[in-house]
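Fold and geometry: a report
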2 protein chains.
Amino acid sequence: MEFSSSLLESAVSEFAKLPGIGKKTALRLVLHLLKQDPGNVEAFGEAILKMRREIKFCERCYNVADSTTCAICANPLRKQELICIVENIRDVIAIESTQQFSGVYHVLGGIISPLDGIGPDQLTIEPLIQRIPREKTEELIFALNPNIQGDTTIYYIQKKLQGTPVRITTIARGIAFGGELEYADEMTLARSITNRLPVEKYVQH
Amino acid sequence: MEFSSSLLESAVSEFAKLPGIGKKTALRLVLHLLKQDPGNVEAFGEAILKMRREIKFCERCYNVADSTTCAICANPLRKQELICIVENIRDVIAIESTQQFSGVYHVLGGIISPLDGIGPDQLTIEPLIQRIPREKTEELIFALNPNIQGDTTIYYIQKKLQGTPVRITTIARGIAFGGELEYADEMTLARSITNRLPVEKYVQH
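Just so we're clear, the structure is a prediction, and the values are computed from it rather than from any experiment.

**Digging into the interface of chain B and chain A**
Counting residues at the interface gives 56 residues for chain B, matched by 56 residues for chain A. Around 5,200 Å² of area is buried between chain B and chain A when both sides are counted, 71% of it from carbon and sulfur atoms. At the junction of chain B with chain A, the criterion picks out 2 salt bridges. For B:Arg53, the salt bridge goes to A:Glu42, with nearest N and O atoms at 2.8 Å. The interface formed by chain B and chain A holds 15 residue pairs in polar contact (both at pLDDT 80 or more) in total. Elements supplying a minimum of two residues to the side of chain B that touches chain A: helix 1 (6–15), helix 2 (23–35), helix 3 (38–54), strand 2 (64–65) and helix 4 (89–98) of chain B. At 16 residues, helix 3 of chain B tops the list of elements feeding residues into the side of chain B that touches chain A.

Right, dumping it as structure tokens:
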């Protein structure tokens, strides 16, 4: 692409660095901003700069936060003895959007994946282990993606906690609501038969 | 979506205002920026703010510019007597990318479209008319999209220029290179037969 303005060119090339944004999309976004009121563009730029400069990670659960403790950990209405373990911030947002979970979180910052060179030390597993006696945790719910890496991570943490009086559970895996049996993979279908639920229990939900 | 950080929430909602960017994509982009070095995010924000604050429109051709005259108009190697008329900045970039045009531009800022309430007065038609005697223009090339609005705009400007000694042309319309005859619409195919080219002329290109 040939630009007649270096200001335009550098704005486009910055946008094109974002994942999934090509040169043409970047140009479309920049020309959109160029048509907006200067005030709106200032608000856009400032929101991003402020976010990067001021955002913190919760000292307790490693979720994003505006101060040293995140809004979820600081909420006295949440059950502090119930910890949901997730891979990343996106998963926290997904679970919060269901409005079905009343405990607190622990963000691992990834999952154990030897092929990608990610071992337990790069994750927040040690701080999690330390939280449990300090916070008198009663239950840990693993909400990790159902794959080999997720299962490895669960297995590793569970091993570390042997002898600790805490209940360890994982979110249910099975056929998704609205999904179709014939298109489910064999492993999912097999597990959903093994872990079948009594109908009375299912109907409660 | 439920966020535990208002800083994150406002960055996501700013991104989600961009055309074609939904809430989920906005979150993905913001979390990508959050993982980058602070310096990279500063560069991103500053490039956009600087672009909006400092960008100018060329006083002669209305293209985007870093100063009062754009790089194309200021280039002494460009034929100043040959003006290509385009709808918007995106079209300038598209034509410049072909590296086949050695004249200068005139950006109309839109096309005549009564249904959208856009008349000749909202476009830079008057400044174009004034450019022609002043710059001793020899040829005007219309590079507008081939549709009713484009043709209306060409007709209007051409009428205004009656009696002015300037050659008026339009970019060729026809079957696109790599296109297939059987999928071309009737109007395109009909015009491409009417405006057929001698083969010697075609082979030159």
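The discussion continues.
**Some remarks on the UniProt feature "domain: Toprim" (unreviewed entry) in chain A**
The feature "domain: Toprim" (unreviewed entry), as given by UniProt, occupies residues 81–176 of chain A in the numbering adopted here. Strand forms 20% of residues 81–176 of chain A and helix 34%; the C-alpha atoms that close the span are 29 Å apart.

**A word on the sheet that holds strand 4 (residues 103–107) of chain B**
All names here are of chain B. Strand order in the open sheet formed by 4 strands is 4-3-5-6, and the pairing between neighbours is parallel. The open sheet has two edge strands with one neighbour each: strand 4 and strand 6 (167–170). Going across the sheet, the axis of each strand differs from the next one's by a mean of 25 degrees, ignoring polarity. The pairing of strand 3 (residues 79–86) with strand 5 (residues 139–142) spans 4 bridges and is classified as parallel. Bridging across to strand 5, isoleucine 83 finds its partner in leucine 140.

**A few points about the relation of the copies chain B and chain A**
Superposing chain B onto chain A requires a rotation of 180 degrees together with a translation of 0.0 Å along the rotation axis, leaving an RMSD of 0.1 Å. Taken together, the rotation angle and the small translation identify this as a two-fold axis. Relative to the rotation axis, the C-alpha of B:Gly45 is the closest in chain B, positioned 2.5 Å from it. In this assembly, 100% of the residues forming the interface of chain B have copies in chain A that are likewise at the interface, indicating an isologous arrangement.

Conventions used here
- Residues numbered from 1 in each chain as written.
- Chains lettered and ligands numbered in written order.
- Predicted model: local features only at pLDDT ≥ 70, side-chain atom pairs only at ≥ 80, totals over all residues.
- Heavy atoms only, no water.
- Contact = heavy atoms within 4.5 Å.
- Buried area = accessible area lost by both parts, 1.4 Å probe.
- Salt bridge = Lys/Arg side-chain N within 4 Å of Asp/Glu carboxyl O.
- Polar contact = N/O pair within 3.5 Å; in protein donor to acceptor, adjacent residues only side chain to side chain.
- Helix = DSSP H or I, 4+ residues; strand = E, 2+ residues; numbered from the N terminus.
- UniProt positions renumbered as here; feature names shortened; annotations may be inferred.
- Pairing = 2+ DSSP bridges.
- Axes fitted to C-alpha atoms, helices over the stretch in contact; angles between N-to-C directions.
- Least-squares fit on C-alpha atoms with pLDDT ≥ 70 in both.

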